[in-house]
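Summary of structural features
Each chain, letter by letter, is given below.
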Amino acid sequence: MVQHVLVAPDKFKGSLTAAEVAARVSAGLGVPSVQLPIADGGDGTVDAAVAAGFSRIAVEVTGPTGERIPASYAWQAGDVAAGPGGEGGTAVVELADASGLRRLPGGREPLTATSYGTGELVADAVRRGARRVVLGLGGSACTDGGAGLAQALGARLLDGEGRDLPRGGAALKDLARIDMSGFIDISGVEFVVASDVDNPLLGPHGAAAVYGPQKGATPGDVKTLEAALARLAAVATATHGLTGAVEHDDTPRAMGVAGAPGAGAAGGVGFAALAFLHAELRPGIDYLLDLLGFGALVEGARLVITGEGSLDEQSLRGKAPIGVAQAAAKAGVPVVAVCGRRTLSDAELKDAGIEAAYALTDLEPDTARCMAEAGPLLERLAARLATVHLREA
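**With respect to the side chain of Lys215**
Structurally, Lys215 can be placed in the loop between α6 (207-211) and α7 (219-240). Asp144 provides the closest opposite charge to the buried, salt-bridge-free Lys215, at an N-O distance of 7.8 Å. For Lys215, the contacting residues outside a window of four places in its chain are Leu101, Arg108, Glu109, Pro110, Ser140, Ala141, Cys142, Thr143, Ala266 and Gly267.

Below, the structure written as structure tokens:
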């Protein structure tokens, strides 16, 4: 029996989607292969789920700065018991699609960007009858503590005069009360947050301090957002029965839900998922590999080929190729990687479970040409890989 090669890469950001990478690698190998594009919860997660057999559900939602935009989530019916009047099944929602940095048409808006559109995707999935919602967090444009997500699901965030707050993180400084009376019915729905971020909501390692500058926040903006998120956590504690943040001498200290690892993911959307959706936090790549059926596909494989645009120090912190390598090791299948460029040494790769890595820059040192011609170069790279790792005994 001819053993197959499992091609399970993440995207090459800026040049090829994960599906395109898988197709190009398979084309260059010249041997039987199975393609499984993957993602770790960030940009490309819905595409990976669709490639694995999920359906794509298109929804018009609110972008991070209030404009209406087309977005989608992945849907698999029938695998989870349906609720009354619903289909049942699993929805995979990617925050980056509705509320990501790539959705900002005119630059970054750290104080006013909202996660409202992500909440609209979740609401659509729940109304469809989903009994499991997987929320991939990554690439967020907002630092609103998930306030927009909660608002889209029916929560009212009110100031001291009982008026609804505008959207965005900075407005939370005026939060006085959270009214959950109109919140969508999520009884019987399991929520899973797929993210490898372990930051708390507040403090020097929190959402505003660590990720705010990446979204255009100045030092002054970071202080504003930190105070606003602390207010959200404190009010949630008082009005929503959470063990959240408390204040001593006007100094917010992260505790309970606000201090949980992952509460700071996606500008604090992790906090809202924990607080209002009672979500379970799971390592992004590990959970998604299970969801996409990696375990069944790796059985009987002779080799797994994974990869991403850049294999570097960040890859070692739970990124997709490392998760693939760890999962393949459990099945006793060797792993090699392809990438646009790499800065990891052979020893670092082997420690991570990757036998070898092949970079486009091995063929073409001009990085601009690597980006522009990534597809054909990847086919050539796969052919080179095959001569080394797929020779018949």
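Next comes the rest of the account.
**Remarks on a negative patch on the surface**
Together, Asp196, Asp198, Asp286 and Asp290 line one region of the surface with negative charge. Within the secondary structure, Asp286 is located in helix α10 (residues 284-292). What makes Asp286 partly exposed here is its relative accessible area of 37%.

**Details of the confidence of the model for the protein**
Here the protein averages 90 in pLDDT, while 91% of its residues score no lower than 70. Within the protein, strand β10 (residues 246-248) has the poorest average pLDDT of any element, 41, and strand β3 (residues 55-62) the best, 98. Below a pLDDT of 50 lies the segment residues 81-85, which in the model reaches seven contacts outside its immediate sequence neighbourhood of four places, other chains included. A low-confidence stretch, residues 243-254 (pLDDT under 50), is modelled with 28 contacts involving residues beyond four sequence positions or located in other chains.

**Observations regarding the environment of Arg177**
With respect to the helices, strands and loops of the structure, Arg177 is situated in strand β8 (residues 177-179). On the basis of relative accessible area, Arg177 is assigned to the partly exposed category, the value being 41%. Separated by 19 residues in the primary sequence, Arg177 and Leu158 place their C-alpha atoms 5.2 Å from one another.

**Here's the deal with the sheet that holds β3**
Across the sheet, which stays open at both edges, the six strands sit in the order β3-β4-β5-β6-β9-β12 with mixed pairing between neighbours. Looking at strand neighbours, the two that pair on one side only are β3 and β12 (280-282), the edges of this open sheet. Neighbouring strand axes in the sheet, compared pairwise and without regard to direction, differ in orientation by 25 degrees on average. Contacts from helix α4 (residues 116-128) reach β3, β4 (68-76), β5 (90-94), β6 (132-136) and β9 (190-194), with the element oriented near 135 degrees to β3.

**Some thoughts on the pattern of salt bridges**
On inspection of all chains with the given rule, the structure shows 17 salt bridges. One salt bridge in this structure joins Asp47 and Arg56, with 2.7 Å as the shortest N-O distance. Residue classification places Arg56 among the partly exposed residues on the basis of a relative accessible area of 42%. Ionic pairing is found between Lys173 and Asp174, a salt bridge with its closest N-O pair at 3.6 Å. Look at Lys173 and you get exposed, because its relative accessible area is 51%. Each of Asp43, Asp97, Arg102 and Arg103 takes part in salt bridges that share partners, so that together they form one network.

**Regarding the sheet that holds strand β1 (residues 5-7)**
Here we have five strands laid out as an open sheet, ordered β2-β1-β13-β14-β15, and parallel in their pairing. Every other strand in the sheet has two partners, leaving β2 (33-35) and β15 (356-359) as the edge strands with one partner each. Adjacent strand axes in the sheet meet at a mean angle of 25 degrees when their direction is disregarded. Note: strand β14 (residues 335-342) against β15, four bridges, orientation parallel. Within β15, the residue paired with Val336 across the bridge is Ala356. The sheet contacts of helix α12 (residues 320-330) involve β13 (303-311) and β14, and relative to β13 the element is tilted by about 160 degrees. Relative to the sheet, helix α16 (residues 374-389) contacts β13, β14 and β15, its axis offset from that of β15 by approximately 150 degrees.

**Quick look at the state of the cysteines**
Following the criterion strictly, the structure yields zero disulfides and no others. No disulfide involves Cys370; its sulfur sits 9.9 Å from that of Cys339, the nearest cysteine. For Cys370, a relative accessible area of 6% translates into the label buried.

**Overview of the packing of α10 against α12**
Helix packing for two helices is described by the angle between their axes and how far apart those axes are. The interhelical angle for the contact between α10 and α12, taken along N-to-C directions, is 60 degrees, at an axis separation of 9 Å. Taken together, the axes of α10 and α12 are oblique relative to one another. For the pair α10 and α12, the crossing hand works out as right-handed. Counting all contacts with α10, which are made through Ile285, Asp286 and Leu289, the residues of α12 involved are Ala320, Gly323, Val324 and Ala327. Of the residues in the contact of α10 with α12, the class split is five nonpolar, one polar and one charged.

The rules behind the values
Residues numbered from 1 in each chain as written. Predicted model: local features only at pLDDT ≥ 70, side-chain atom pairs only at ≥ 80, totals over all residues. Heavy atoms only, no water. Helix = DSSP H or I, 4+ residues; strand = E, 2+ residues; numbered from the N terminus. Buried < 20%, exposed > 50% of the residue type's maximum accessible area, 1.4 Å probe, protein only. Lys, Arg positive; Asp, Glu negative; His and termini not counted. Salt bridge = Lys/Arg side-chain N within 4 Å of Asp/Glu carboxyl O. Contact = heavy atoms within 4.5 Å. Patch = residues over 30% accessible without salt bridge, like charges linked within 9 Å, V, L, I, M, F, W, Y side chains within 5 Å. Areas by Shrake-Rupley, 256 points an atom, 1.4 Å probe, with all protein chains shown as cover. Charge placed at Lys NZ, Arg CZ, Asp CG, Glu CD. pLDDT = per-residue confidence, 0-100. Pairing = 2+ DSSP bridges. Axes fitted to C-alpha atoms, helices over the stretch in contact; angles between N-to-C directions. Disulfide = S-S within 2.5 Å. Parallel < 35°, antiparallel > 145°, perpendicular 65-115°, else oblique. Left-handed = near helix turned anticlockwise from the far one by under 90°. Nonpolar A, V, L, I, M, F, W, Y, C, P; charged D, E, K, R; others polar.

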